[in-house]
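Descriptive analysis of the structure
The chain contents come next:
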Amino acid sequence: VAVPKKRFKHAVDRNLIKRRTKEAYRLHKDLLFYQPLIEKNLKIILSFSYVGKEAHEFSFIEKKLKLVFLEGLKQVT
């Protein structure tokens, strides 16, 4: 997970965004991501770059991460 220092000057802010993103990934990786990949015998390399200009709440990040997972799986099928 990459968060730009240019937009978030304080390490506290960058770390908060990273923690929220990692937690959202951890909670949903099995159901939304790993299971469909295992069924299709696929492997991937995954990287996230935060491009927002403000730090959002966990629920917002979680919702967007789910959308990324679902769109990615649509492209694989």
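Scoring rules and cut-offs
- Residues numbered from 1 in each chain as written.
- Predicted model: local features only at pLDDT ≥ 70, side-chain atom pairs only at ≥ 80, totals over all residues.
- Heavy atoms only, no water.
- 1 Å grid on protein atoms, 1.4 Å probe; cavity = no way out; pocket = protein on both sides within 12 Å on 5 of 7 lines; lining within 4 Å.
- Points joined across faces, edges and corners; volume = space filled by probe spheres on them.
- Helix = DSSP H or I, 4+ residues; strand = E, 2+ residues; numbered from the N terminus.
- Nonpolar A, V, L, I, M, F, W, Y, C, P; charged D, E, K, R; others polar.
- Buried < 20%, exposed > 50% of the residue type's maximum accessible area, 1.4 Å probe, protein only.
- Lys, Arg positive; Asp, Glu negative; His and termini not counted.
- Salt bridge = Lys/Arg side-chain N within 4 Å of Asp/Glu carboxyl O.
- Contact = heavy atoms within 4.5 Å.

A word on the layout of surface pockets
Summary: where empty space remains is shown by rolling a probe the size of a single water molecule over the atoms. In this structure, the largest pocket spans a volume of roughly 300 Å³. In this structure, the largest pocket is lined by 13 residues; those nearest its centre are Ser-49, Tyr-50, Val-51, Ile-61 and Lys-64. Looking at the lining of the largest pocket, the element that brings in the most residues is helix 2 (residues 58-76), giving five residues. Considering only residue class, the lining of the largest pocket consists of eight nonpolar, four polar and one charged.

Notes on the side chain of Glu-62
Inspection of the secondary structure puts Glu-62 in helix 2. Buried charge Glu-62 goes without a salt bridge, the closest partner of opposite sign being Lys-66 at 4.8 Å. Not counting residues within four places of it along the chain, the set of residues in contact with Glu-62 comprises Ala-24, Leu-27 and His-28.

Concerning the environment of Leu-42
Within the secondary structure layout, Leu-42 lies in the loop between helix 1 (11-39) and helix 2. Sequence separation of Leu-42 and Ala-55 is 13 residues, and the distance between their C-alpha atoms is 33 Å.

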